[in-house]
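# Results of the structural survey
Chain by chain, the residues run as shown.
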Amino acid sequence: MTTSTASSRPEIQAREIKLVRPRSTSADAASAGAWNTDAVLALFELPFNDLMFRAQQVHREHFDANAVQRSTLLSIKTGGCSEDCGYCSQAKRYQTGLESEELMAIGEVVDKARIAKENGASRFCMGAAWRGPKDRDLEPVLEMVRQVKSLGLETCVTLGMLREGQAAKLADAGLDYYNHNLDTAAEMYDSIISTHSQADRFDTIDKVRDAGIHVCSGGIVGMGESRRGRAALISQLASMTPPPESVPINNLVRVEGTPLADTPPLDIFEFVRTIAAARITMPTSYVRLSAGRREMSEEAQAMCFLAGANSIFYGDKLLTTGNPDVTGDEALMAKLGIKSV
Ligand code: SAM
Ligand code: DTB
Ligand code: SF4
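Read on for a plain summary of the structure. Here the structure is a predicted model, which is why all the values come from computation and not from measurement.

It is worth spelling out the pairing of strand S1 (residues 67-77) at this point. Of all eleven residues in S1, eleven are buried; the element is thus mostly enclosed. Sheet analysis places S1 next to strand S10 (residues 339-340), joined by two bridges and oriented parallel. What sits directly across from Ala67, in S10, is Lys339. Here three bridges tie S1 to strand S9 (residues 311-313), and the two strands are oriented parallel to one another. Paired with Ser71 across the two strands is Phe313, which belongs to S9. In this sheet, strand S2 (residues 123-128) lies alongside S1 in parallel orientation, the contact comprising six bridges. Looking at the pairing, Ser71 lines up with Arg123 of S2.

What follows is the structure in structure tokens.
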């Protein structure tokens, strides 16, 4: 019989790495960290110009201040979702008028990715309205990842909660990023979503990290939360170890038929402050000005770039709702002297 040490057995090695690597951080850990909610709230409460100046300083230490990364989104499986996220057009329990669609054919997805690349996107993000993928659902998605990657694009998927072994399969297919948002701070989570918990979100983020895939995680503001609630969300993201490489900040798109349809719009300066707080607390992460951009003026978007946003969703559609059109975005970037990376 051969004897084997822990380090020579891959399955034990993997378990050891899991044990020593710090976990993504819960609300409790965030409250003890350097960027606890009070510290982030103090940023939000700075005079606007001081906050913008600090965000610019941090931004310029780590990034080219005139470069913005572009990701194109595609909904590869639309609607019919079992979950009850109060903001989402795709939850089957809300009457949003959305038509559900089966998983798209691989060839059709690759054609869309090719167009996104021709239009100037560097990353292609494929989203599915699932609580999480079944193993049989994952197989075609793995092939999409392989083929989209072979076009020379970075790949990202957002498929909901992952089961044991699924993140490793995605990593083997060459996936670069997995998007899984915290969505809202722990304190408010249960009032927006009841069919899964924020702890479930952290569990999937840990699986993604363990598989060596980059984490894309952010949230939504404008859901009626307080300023402290926004600070708590940023605190939780910044307290992950390490923080997500990519941080999408979404402004709620108010979808008719969802429980949040009538939420009053967030003051735009609060949105810009949220971007600045994300930039300052997560200096090396890409901060993405995400959903809600179509409803923003060019001036508001320029303020977001000044606050340190250095990524956008690019292309006429997000998943089920609209985004500024490509021609308009090209014109805005030209006016601002922003190049794409
Ligand atoms: N089902 C998967 C999940 O929930 O992670 C993936 C798709 S889900 C549509 C991806 C993300 O879209 C959500 O986490 C949420 O942050 C964002 N989102 C959904 N509806 C939105 C809305 N109306 N406004 C802003 N962001 C929204
Ligand atoms: C993220 O943070 N925002 C994107 C992407 N990740 C998947 C989705 C925004 C969805 C906005 C509403 C819709 O188009 O359905
Ligand atoms: Fe389903 Fe994701 Fe929409 Fe929630 S956000 S209802 S999990 S598609």
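A separate point is the pairing of strand S3 (residues 154-158). For S3, the tally of buried residues reaches four of five residues, placing the bulk of the element in the interior. In terms of strand pairing, S2 meets S3 through five bridges, oriented parallel. Across the sheet, residue Phe124 finds its bridge partner in S3, namely Thr155. The β-α-β motif built from S2, the intervening helix H6 (residues 135-149) and the parallel element S3 has right-handed crossover chirality. Pairing between S3 and strand S4 (residues 177-179): two bridges, direction parallel. Within S4, the position partnered with Val157 by the bridge is Tyr178. Running through helix H7 (residues 166-172), the crossover from S3 to the neighbouring parallel element S4 is right-handed.

The subject of this paragraph is the site of ligand 2. Neighbouring residues of ligand 2: 13 residues in total, closest Asn181, Asn250, Leu319, Thr320 and Thr321. In the model, an oxygen atom of ligand 2 is placed 3.0 Å from a nitrogen or oxygen of the Leu319 main chain. One of the side-chain nitrogen or oxygen atoms of Thr321 is found 2.8 Å away from an oxygen atom of ligand 2. Across the complex, the protein chains shield 86% of the 410 Å² of accessible surface that ligand 2 would expose by itself. Of the residues assigned to the shell around ligand 2, the class counts are six nonpolar, seven polar and no charged.

Attention shifts here to the packing of aromatic side chains. Within the structure shown, the criterion is met by two aromatic pairs. The interplanar angle of 85° and the centroid separation of 5.4 Å between the aromatic rings of Phe48 and Phe269 together place this pair among those described as edge-to-face. In this pair, Phe48 is assigned in helix H4 (residues 48-62) and Phe269 in helix H11 (residues 268-281), connecting sequence segments 221 residues apart. Owing to a relative accessible area of 41%, Phe269 belongs among the partly exposed residues under this scheme. On the numbers, 4.9 Å between centres and 65° between planes, the contact of Phe63 with Tyr286 is edge-to-face. Of this pair, Phe63 sits in the loop between H4 and S1 while Tyr286 is found in strand S8 (residues 286-289), placing the two residues 223 residues apart along the sequence. A residue is classified by how much of its surface remains accessible, and Tyr286, at 28% relative accessible area, is partly exposed. Positioned above the aromatic ring of Tyr177 is the side chain of Arg123, whose terminal nitrogen or guanidinium carbon lies 3.8 Å from the ring centre.

Another point: the nonpolar core. Within the largest apolar cluster, 76 residues are counted, with the highest numbers of intra-cluster contacts made by Phe124, Met126, Val157, Leu159, Leu170, Tyr178 and Phe271. Of all the elements, H11 adds the most residues to this core, at seven residues.

Reading guide: rules and limits
Residues numbered from 1 in each chain as written. Chains lettered and ligands numbered in written order. Predicted model: local features only at pLDDT ≥ 70, side-chain atom pairs only at ≥ 80, totals over all residues. Heavy atoms only, no water. Buried < 20%, exposed > 50% of the residue type's maximum accessible area, 1.4 Å probe, protein only. Helix = DSSP H or I, 4+ residues; strand = E, 2+ residues; numbered from the N terminus. Pairing = 2+ DSSP bridges. Right-handed = clockwise from strand over helix to strand, strands pointing away. Near = heavy atom within 4 Å. Polar contact = N/O pair within 3.5 Å; in protein donor to acceptor, adjacent residues only side chain to side chain. Areas by Shrake-Rupley, 256 points an atom, 1.4 Å probe, with all protein chains shown as cover. Nonpolar A, V, L, I, M, F, W, Y, C, P; charged D, E, K, R; others polar. Phe/Tyr/Trp six-rings, centres within 6.5 Å; stacked < 30°, edge-to-face > 60°. Lys NZ or Arg CZ within 6 Å of the ring centre and 35° of its normal. Core = buried A, V, L, I, M, F, W, Y, C linked by side-chain atoms within 4.5 Å.

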